[in-house]
Amino acid sequence: MERIGILGLGRVGRSILAYLLDKGAKEILLYDENPEAFLNRYVAGTLGEKNVVRLETPDSLARAGIIIKSPGISNELEWVKALDREGVPMVDEIEFVWKELGRPFTIAVTGTNGKSTTTAWISEILKAAGRKVFCGGNIAPGNPFSEALSLSIQEVYVIEISTFQLERCPEFRPDVGVITNITADHLNRHTNEDYVNLKLSLFKNAAQNDSAILNRDDNTTMNNIESIRSRKVLFSLRDDTADAYTKNGGLYIKETKVSEIKDIPLPGMHNVANALAAIAAASQAGVEPKQMQKGLKRFKGLPHRMEFLGELKGRKVYNNSMCTNPEAFYYSVTSFEESSVIIAGGTEKNLPLDPFIKGVKERAKYLILFGENSERIAEILCAESQFSSYIIVDSLRAALDAALKASLEGDIILFAPGFASFGNFKNFEERGHAFIQEFREYEKRI
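This structure is a prediction, so every number in the text was calculated from the model and none was measured.

A. Here's a closer look at the nonpolar core. Within the largest apolar cluster, 46 residues are counted, with the highest numbers of intra-cluster contacts made by L20, L30, F145 and F172. Counting only elements with at least two residues in this core, the list comes to β1 (3-7), α1 (11-23), β2 (27-31), α4 (93-100), β8 (156-160), α7 (192-200) and β10 (211-215). Setting aside residues no more than four positions away along its own chain, F172 makes contact with I94, E95, W98, T106, A108, I159, I161, L202 and N205. In terms of nonpolar packing, the next biggest core, distinct from the first, is built from 39 residues, V109, V176, I213 and A275 among them.

Next up, the structure:
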């Protein structure tokens, strides 16, 4: 290893830094726009190493042999474009780690909604079948893919990949690629066409013996299916001619029943779809249907994804802070047959609001709006839907207070923002933890 640049010193950048130090890279160039990144205890401790160099300006990265870039840094920044013009290879951690591991058997999951749940579910099924598995990538909470470099070699690497990561993966080729669904998202950074193409780029290097796990019910995916060279493995909630499907209350792979729908531990038909994607992917890793049931049933979900917190005064409270777009909001609120008291709102990403409005009309017994777009959402609901059962609040504590006042014993209180967390919180995890904290404080008071 000669001279390597690390662009961005978040958890991924720090993990890569630790690996490069361990491997004895000749020179490691560090750059982050935020000076506070260098105050991190680990990063600060490495600056005394003779082969670690802190750069004051990004143009100095041009002398690196390769740059490993954080996906959170936009490709549209002028200094990023300038580095590209210099011709220095700039890749994502996914590309770098996959090559460093020797291009191992990899299941990569992307999509607009459900990708974290599906990633973790695949891993759980494989582990229950006795496989040695690394699970990580973009999944949160979880380990970045680069953490795998410090572990023993695994049989299967199951990783979640975001659209931003796929921007810089020129050679990456998973053995099994999964697209859960494709609906509009991140239009504050991509055009819709670019967003779709980036999702499909998961298969750009695919060979015919690789597998593509695809949602038969997703129009965007199916409209682009001919561009995918991999062996297609379809899953569907509606079409029992798919490879993984539902029929008569059961989940099937081909002709073999794997589980009853009622035994799926997570609520909502969108989670049944995630389960179908998971068993379809596991089948391509050689797991037999009879081996899938244990892992399918014992998976209890991830934090901040339809997470049941408990009851307050007889109301069941769920935390779904990961619900960051209007489409996810619709799936969340329709997970329950009955109407819920819903806490929603946040920062918009230039996405159509139709699914959000539809979800409110179909499932909101009462709506508590919190976040920077609260006033705008309220105006739209009043003007277009004549929906007036709402209140605007300025904190999560006030939101939970209002939800309890608007609900009755036996009701569901659902925290499903439907929008990004920026403006109030740095990410959905911080937002979810804040909501959980308010719930726990309320528990103590009653």
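B. Geometry of unusual backbone geometry. Residue P141 follows A140 across a cis peptide bond; omega there is -5 degrees. Looking at where P141 falls in the secondary structure, it is placed in the loop between β7 (133-137) and β8.

C. Looking closely at the sheet that holds strand β4 (residues 66-69). Strand order across the open sheet formed by five strands is β3-β2-β1-β4-β5, with parallel pairing between neighbours. One side of each edge strand has no neighbouring strand; the edge strands of this open sheet are β3 (52-54) and β5 (90-92). With strand direction ignored, the average angle separating the axes of adjacent strands in the sheet is 25 degrees. Note: β2 against β3, three bridges, orientation parallel. Considered in β3, the bridge of L30 is made with R54. Along the sheet, α1 contacts β1, β2, β3 and β4; its crossing angle with β1, the most-contacted strand, is approximately 165 degrees. Docked against the sheet, α4 engages β4 and β5, running at close to 80 degrees with respect to β5.

D. Broad picture of the side chain of T118. Examined against the element boundaries, T118 turns out to sit in helix α5 (residues 115-128). By relative accessible area, T118 is classed as buried at 0%. Those residues in contact with T118 that sit more than four places away from it in its chain are V109, T180, N274, A277 and A278.

E. Representation of the environment of K300 within the structure. For K300, the location among the structural elements is in the loop between α10 (289-298) and β15 (307-312). A sequence separation of 176 residues divides K300 from E124, and the C-alpha atoms of the two residues are 9.9 Å apart.

F. The side chain of R315, seen in detail. Tracing the sequence through the fold places R315 in strand β16 (residues 315-319). Here R315 sits buried without a salt bridge, and the closest side chain of opposite charge, E409, lies 5.7 Å off (N-O distance). Of the polar contacts made by the side chain of R315, one reaches the backbone oxygen of L404; its length is 3.2 Å. Other than its neighbours up to four places away in sequence, R315 contacts G310, L404, S407, L408, E409, D411 and I413.

G. Fine view of the state of the cysteines. This structure, assessed with the given rule, holds zero disulfides. Cysteine C135 shares no disulfide, and the gap to the nearest cysteine sulfur, in C169, comes to 17 Å.

H. Focus on helix α13 (residues 374-385). For α13, with 12 residues, the first-to-last C-alpha span of 16 Å sits near the 16 Å given by 1.5 Å per residue. Residues of α13 that are buried: S374, I377, A378, I380, L381 and S385. The buried residues of α13 occupy an angular sector of 165 degrees when projected down its axis, which confines them to one face. Residues of α13 that are exposed and point over 90 degrees away from its buried face: E375, E379 and A383. Structurally, α13 contributes buried residues whose contacts are with α12 (354-363), β18 (364-369) and β19 (390-392). Just downstream of α13 lies Q386, where phi reads positive at about 50 degrees.

I. Spotlight on the packing of aromatic side chains. Inspection of every chain in the model, using the stated rule, returns 13 aromatic pairs. On the numbers, 5.6 Å between centres and 75 degrees between planes, the contact of Y31 with W79 is edge-to-face. Of this pair, Y31 sits in strand β2 while W79 sits in helix α3 (residues 78-86); the two residues are 48 residues apart in sequence, bridging distant segments of the chain. Residue classification places Y31 among the buried residues on the basis of a relative accessible area of 8%. For the pair F356 and F419, a centre-to-centre distance of 5.0 Å together with 50 degrees between the ring planes defines the contact as tilted. Remark: F419 occurs in the loop between β20 (412-415) and α15 (428-445) and F356 occurs in helix α12; sequence separation between them is 63 residues.

About the criteria used
Residues numbered from 1 in each chain as written. Predicted model: local features only at pLDDT ≥ 70, side-chain atom pairs only at ≥ 80, totals over all residues. Heavy atoms only, no water. Core = buried A, V, L, I, M, F, W, Y, C linked by side-chain atoms within 4.5 Å. Buried < 20%, exposed > 50% of the residue type's maximum accessible area, 1.4 Å probe, protein only. Helix = DSSP H or I, 4+ residues; strand = E, 2+ residues; numbered from the N terminus. Contact = heavy atoms within 4.5 Å. Pairing = 2+ DSSP bridges. Axes fitted to C-alpha atoms, helices over the stretch in contact; angles between N-to-C directions. Lys, Arg positive; Asp, Glu negative; His and termini not counted. Salt bridge = Lys/Arg side-chain N within 4 Å of Asp/Glu carboxyl O. Polar contact = N/O pair within 3.5 Å; in protein donor to acceptor, adjacent residues only side chain to side chain. Disulfide = S-S within 2.5 Å. Expected span 1.5 Å × (residues − 1). Arc of directions from axis to C-beta. Phe/Tyr/Trp six-rings, centres within 6.5 Å; stacked < 30°, edge-to-face > 60°.

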